[in-house]
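The primary structure of each chain is shown beneath.
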Amino acid sequence: MSVPTDLLYSKDHEWVKKEADGKVRIGITEFAQKELGDIVFVELPEVGAELNAGDSFGSVESVKTVSELYAPVNGVVSEINDELEDSPEFVNESPYEKAWMIELESVDESAFGQLLDAAAYEKLIG
Amino acid sequence: MPDLKITPLYNYYKSQNAKLIDFGGYLLPVQMTGIKNEHHAVRTAAGIFDVSHMGEFGVEGEGAQQFLQEMVTNDVAKAHPGDALYTAMCYEDGGTVDDLLIYCFDTNHYQLVVNAANIDKDFNWLSEHAPQSINLTNRSEQIALLAVQGPHALNSVQKITDYDLTSIEHFKFAKHVSLNGVDSLVSRTGYTGEDGLELYCPWDQACSIWNALLEKGASDGLIPCGLGARDTLRFEARLPLYGQELSSTISPLEAGIGFAVKTNKPIDFIGKQALITQKTGGLKRKIVGLEMIDRAIPRSHYKVYAGDKEIGEVTTGTQAPTIGKNLGLALLNSEWTKLGTEVDVDVRGKRKKAKIVKTPFYKRS
């Protein structure tokens with residue numbers, strides 16, 4: 001199971017990537033997409049939405065189930081990956097690259113302390 | 001965790017690392033390689049399903065036909081030896097005990113095939129009403145069931161038998177068919193909307209037939225399938241699932257299986273009066289097809305509204321793999337069931353527009 005070491009992880013199976021410009025990208029992990037199965041629908045927030053850690057910011061749906069997405073950190077949505085509207089299968093095919101979901105700016109970095117590193121996340125999904 | 005039962009394919013599932021869930025008290029896989037992949041295999045080639053969790057009852061003795069006529073809604077006298085008959089079994093108020101298949105061996109000997117979750121309930125219900133002359137046996141744990149479905153299904157199964165499978169017509173069956181050397185009952189039936197066969201064999205022989213079919217059917221595109229694809233396939237073909245489109249509070253008429261309700265058959269059956277009243281008075285609610293207009297997927301139990309008025313709920317919904325649309329079946333107040341009527345579905349707190357569409361969503365050409 002792929003767990004890249006340059007990312008941070010939430011217990012809700014989201015990954016968080018710090019960009020050079022201080023923004024962060026968020027998506028769901030390889031483990032999460034495997035558990036969900038074929039993803040057929042992704043719902044994302046509007047650009048400009050303010051999120052607090054723990055807020056639901058959208059959902060991913062597989063053939064069988066709906067799964068809420070929870071913001072792992074605070075911030076303001078600066079961009080969404082609208083390719084996922086037409087190509088939700090990217091979540092299965094490329095969860096860490098093509099299927100990034102939202103980008104946040106004005107991120108409160110103190111919340112990063114709550115996240116797991118790759119080793120801790122691997123232990124979680126054991 | 002209740003004690004879960006396993007099917008003869010349990011070790012196969014374990015060897016494939018398949019994730020198993022509780023379905024009707026049995027441990028079964030949601031998927032083997034992926035729901036969409038399995039779904040498309042059945043629509044274009046073939047898939048094999050382990051449905052050994054289904055229940056099988058023997059009904060034997062003088063007056064077996066008469067007894068079943070009193071218990072079920074379809075006309076059992078129309079089923080001759082070698083016929084499989086789909087029917088509902090109802091309570092006095094018209095609610096559904098179960099939907100089932102009746103295999104006719106002769107007028108004193110039938111086999112019933114019932115839903116796994118209803119095995120005990122059905123057996124008790126039948127036992128309560130059975131006269132002395134009828135011998136009712138629950139053979140659910142001796143008989144395994146494999147369903148091979150799809151345009152290449154017959155071709156695949158033909159490779160493990162000398163019996164001419166094309167001679168078994170739709171909704172007919174043959175006894176004592178040797179499948180890979182195992183004495184089996186084979187019917188031209190299924191739950192996917194495709195052509196196909198259902199294979200009844202002894203519990204401990206199912207795995208050998210399964211393995212032989214996977215090996216011989218591979219060149220036909222036959223792949224193993226789980227419950228997820230079984231559900232999306234039956235959904236597109238608008239075949240009801242007990243617990244969703246049918247229940248103790250949903251009658252077979254409301255569920256749209258009126259073709260299996262023969263209120264004019266010569267023998268009175270349980271629920272007849274209630275069903276006649278529903279028929280003559282007009283149905284107050286019925287199952288219809290929904291297609292989402294807004295971007296959203298309807299799911300079981302989502303409420304449906306016309307303006308502020310709640311008019312029913314979704315019974316099954318998903319993104320239909322063959323059609324690619326977000327579709328649902330919903331039990332709605334009949335006033336709002338005309339084709340093209342726009343309604344709202346409450347999708348996790350947000351109202352999303354949908355319209356009533358024709359069913360089945362998919363019909364084999």
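In this text the structure is predicted, and so the values were computed from the model without any measurement.

### Considerations on the overall build of chain B
Piece 1. For chain B, the count of helices and strands is eight helices and 19 strands.
Piece 2. The globule rule puts the C-alpha radius of gyration for 365 residues at 21 Å, and the 21 Å found for chain B is close to it.
Piece 3. Along the three orthogonal principal directions, the C-alpha set of chain B runs to about 60 × 50 × 45 Å.
Piece 4. Counting every position in chain B, which comprises 365 residues, the buried fraction comes to 59%.
Piece 5. Considering only contacts in chain B between residues 6 or more positions apart, those separated by 24 or more positions represent 65%.
Piece 6. When the accessible surface of chain B is split by element, carbon and sulfur atoms take 49% of a total near 15,000 Å².

### Some thoughts on the side chain of A:Ser10
All names here are of chain A.
Piece 1. Looking at the secondary structure, you find Ser 10 in the loop between strand 1 (8-9) and strand 2 (14-18).
Piece 2. For Ser 10, a relative accessible area of 6% puts it in the buried group.
Piece 3. Those residues within four positions of Ser 10 in sequence are excluded, and the remaining contacts are Pro 72, Leu 115 and Tyr 121.

### A word on the environment of A:Glu85
Residue and element names in this part refer to chain A.
Piece 1. Turning to its location among the elements, Glu 85 is positioned in helix 2 (residues 83-86).
Piece 2. With a relative accessible area of 48%, Glu 85 lands in the partly exposed category.
Piece 3. When the C-alpha positions of Glu 85 and Phe 41 are compared, they lie 7.0 Å apart, and in sequence the two are 44 residues distant.

### Things to note about the pattern of salt bridges
Piece 1. Per the stated rule, a full pass over the model turns up 24 salt bridges over all chains.
Piece 2. Its salt-bridge partner being A:Arg25, residue A:Glu19 comes within 3.8 Å of it at the nearest N-O pair.
Piece 3. With relative accessibility at 25%, the residue A:Glu19 sits in the partly exposed group.
Piece 4. Note that A:Lys34 is salt-bridged to A:Glu30, the shortest N-O span being 3.2 Å. Here the residue A:Lys34 and the residue A:Glu30 both occupy positions in helix 1 (residues 30-36), the gap between them amounting to four residues, near one helical turn.
Piece 5. Because the salt bridges share partners, they merge into one network encompassing A:Glu61, A:Glu68, B:Arg299 and B:Arg348.

### Considering the sheet that holds strand 8 (residues 75-80) of chain A
Residues and elements named next belong to chain A.
Piece 1. Taking strand neighbours across the sheet as the criterion, the six strands line up as 1-2-3-9-8-5 in an open arrangement whose pairing is antiparallel. On the outer flanks of this sheet lie strand 1 and strand 5 (50-51), each paired with one strand and no other.
Piece 2. Note: strand 1 against strand 2, two bridges, orientation antiparallel. The partner of Leu 8 across the bridge, within strand 2, is Val 16.

### Re the nonpolar core
Piece 1. Among the nonpolar cores identified, the biggest contains 40 residues, and B:Phe49, B:Tyr103 and B:Tyr200 are the most heavily contacted of them.
Piece 2. For this core, the elements supplying multiple residues, two or more each, are strand 4 (39-43) of chain A together with helix 2 (35-44), strand 5 (84-90), strand 6 (96-106), strand 9 (143-149), helix 7 (227-236) and strand 17 (326-333) of chain B.
Piece 3. Beyond its immediate stretch of four places on either side in the chain, B:Tyr103 contacts B:Asp83, B:Ala84, B:His109, B:Tyr110, B:Gln111, B:Val113, B:Phe173, B:Leu185, B:Ser187, B:Thr189, B:Glu198 and B:Tyr200.
Piece 4. With 38 residues, the next largest nonpolar core counts B:Leu146, B:Ala174, B:Val177 and B:Leu179 among its residues.

### Observations concerning the interface of chain B and chain A
Piece 1. Tallying the contact residues gives 21 residues for chain B and 16 residues for chain A.
Piece 2. When chain B packs against chain A, the two sides together hide about 1,500 Å² of surface, and 45% of this comes from carbon and sulfur.
Piece 3. Among the residues chain B hides against chain A, the three largest losses belong to B:Arg295, B:Arg299 and B:Arg348. Together they make up 42% of the total.
Piece 4. The interface formed by chain B and chain A contains eight salt bridges.
Piece 5. A:Glu61 serves as the salt-bridge partner of B:Arg299, at 2.9 Å between the closest nitrogen and oxygen.

### Some details on the UniProt feature "domain: GCVT N-terminal" (unreviewed entry) in chain B
Piece 1. With numbering matched to this structure, UniProt assigns "domain: GCVT N-terminal" (unreviewed entry) to residues 9-265 of chain B.
Piece 2. Within residues 9-265 of chain B, the helical portion is 25% and the strand portion 30%, while the C-alpha atoms at the span's ends are 41 Å from each other.

### What to know about helix 4 (residues 119-129) of chain B
Residues and elements named next belong to chain B.
Piece 1. Here helix 4 has its buried residues at Ile 119, Asp 122, Phe 123, Trp 125 and Leu 126. Here the buried residues of helix 4 occupy an arc of 165° about the axis, which is enough to place them on one side. Seen from the open side of helix 4, the exposed residues pointing more than 90 degrees away from its buried face are Asp 120 and Glu 128.
Piece 2. Among the structural elements, strand 4 (55-60), helix 3 (64-71), strand 5, strand 6, strand 7 (109-114) and strand 8 (135-138) are those in contact with the buried residues of helix 4.

### Let's talk about the UniProt feature "domain: Aminomethyltransferase C-terminal" (unreviewed entry) in chain B
Piece 1. Within this structure's numbering, the places UniProt gives as "domain: Aminomethyltransferase C-terminal" (unreviewed entry) are residues 285-363 of chain B.
Piece 2. Annotated as 0% helix and 57% strand, the span residues 285-363 of chain B places its first and last C-alpha atoms 24 Å apart.

### What to know about the UniProt feature "domain: Lipoyl-binding" (unreviewed entry) in chain A
Piece 1. Per the UniProt record, "domain: Lipoyl-binding" (unreviewed entry) is annotated on residues 23-105 of chain A.
Piece 2. For residues 23-105 of chain A, the helix share is 18%, the strand share is 41%, and the end-to-end C-alpha distance is 5 Å.

### Brief notes about the UniProt feature "modified residue: N6-lipoyllysine" (unreviewed entry) in chain A
Piece 1. Per the UniProt annotation, the sites labelled "modified residue: N6-lipoyllysine" (unreviewed entry) are A:Lys64.
Piece 2. Of note, A:Lys64 is situated in the loop between strand 6 (56-62) and strand 7 (66-70).
Piece 3. The exposure class of A:Lys64 is partly exposed, given its relative accessible area of 38%.
Piece 4. In this structure, A:Lys64 is in contact with B:Val30, B:Ile35, B:Gly228, B:Asp231 and B:Arg299, ignoring residues within four places of it in sequence.

What counts and how
Residues numbered from 1 in each chain as written. Chains lettered and ligands numbered in written order. Predicted model: local features only at pLDDT ≥ 70, side-chain atom pairs only at ≥ 80, totals over all residues. Heavy atoms only, no water. Helix = DSSP H or I, 4+ residues; strand = E, 2+ residues; numbered from the N terminus. Rg over C-alpha atoms; globule rule 2.2 N^0.38 Å. Buried < 20%, exposed > 50% of the residue type's maximum accessible area, 1.4 Å probe, protein only. Contact = heavy atoms within 4.5 Å. Areas by Shrake-Rupley, 256 points an atom, 1.4 Å probe, with all protein chains shown as cover. Salt bridge = Lys/Arg side-chain N within 4 Å of Asp/Glu carboxyl O. Pairing = 2+ DSSP bridges. Core = buried A, V, L, I, M, F, W, Y, C linked by side-chain atoms within 4.5 Å. Buried area = accessible area lost by both parts, 1.4 Å probe. UniProt positions renumbered as here; feature names shortened; annotations may be inferred. Arc of directions from axis to C-beta.

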